[in-house]
Amino acid sequence: MILFDMFGVIARHQSPDGKDRVAAIAGAPDTAFWDAYWGLRQPYDRGDVTGPAYWRRVADELGTDFDERRIAQLVEADIASWSAVDETMVALIEELAAAGRPIALLSNIPEELAAHYEERHSWLKRFQVRAFSCRIGHAKPEPGAYLWCLEALGAAPDDILFVDDREENIRAAEALGLRGHLFTSPAHLREALGLSV
């Protein structure tokens, strides 16, 4: 069983242009804005708060106020900034699924972005389990995220190869007995999976 992270593996991290647009809409100093954005992100990813509530918290942290219109713009721009995928990795997912290799997904993702991906990307249906943090109540590297997947998959930890681009997420998975692969490129992953490059 291969358990995939999504952002930084199959989907791309925020684009520079996308990040610039989000920050411009917020209208806050760059460093302070991104400190607040990431510092408050985990509860949003975990589904503890909605998009509007998250952005109100960001505004509070910045000592400002976002009206409903600006919040809607921030939610939209944030989704757009995370919307690019790596077509090489999408092709690999399709290849694995066609070959009957069991695959699953564990992603830190807020509800608005999860819905966006589900509406636009049919390859998500290839995964036997889609563990979106906003719907399972746990976000990596919290142990609960991996334990939820183990229960949903009915698999022993050492039967799962967890693929993620963040070292801290790999270490958290390995602490629970999963095998880890730190993603650096599709070619290296293909080698690790015993596939031709």
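The rules behind the values
- Residues numbered from 1 in each chain as written.
- Predicted model: local features only at pLDDT ≥ 70, side-chain atom pairs only at ≥ 80, totals over all residues.
- Heavy atoms only, no water.
- Salt bridge = Lys/Arg side-chain N within 4 Å of Asp/Glu carboxyl O.
- Helix = DSSP H or I, 4+ residues; strand = E, 2+ residues; numbered from the N terminus.
- Buried < 20%, exposed > 50% of the residue type's maximum accessible area, 1.4 Å probe, protein only.
- Axes fitted to C-alpha atoms, helices over the stretch in contact; angles between N-to-C directions.
- Parallel < 35°, antiparallel > 145°, perpendicular 65-115°, else oblique.
- Contact = heavy atoms within 4.5 Å.
- Nonpolar A, V, L, I, M, F, W, Y, C, P; charged D, E, K, R; others polar.

### With respect to the pattern of salt bridges
Across all of its chains, the model carries twelve salt bridges by this definition. Between R12 and D86 there is a salt bridge, with the nearest N and O atoms lying 3.9 Å from each other. Placement of R12 in the loop between β1 (2-4) and α1 (16-26) and of D86 in the loop between α5 (68-81) and α6 (87-98) is noted, with a sequence separation of 74 residues between them. Looking at R12, the relative accessible area reads 43%, which means it is partly exposed. Across the pair E95 and R190 runs a salt bridge, and its minimum N-O distance is 2.9 Å. Note that E95 is positioned in helix α6 and R190 in helix α11 (residues 186-192), a separation of 95 residues in sequence. Overall, E95 belongs to the partly exposed group, its relative accessible area being 34%. Here the salt bridges share partners, and the residues they tie into one network are D5, K140 and D164.

### Some thoughts on the packing of helix α4 (residues 51-62) against α5
Taken N-terminus to C-terminus, the directions of α4 and α5 make an angle of 105°; their axes are 10 Å apart at the nearest point. Here α4 lies roughly perpendicular to α5, going by the angle between them. Of α5, the residues touching α4 (which contributes G51, P52, W55 and R56) are I71, L74, V75 and D78. For the contact of α4 with α5, the per-class residue count stands at five nonpolar, one polar and two charged.

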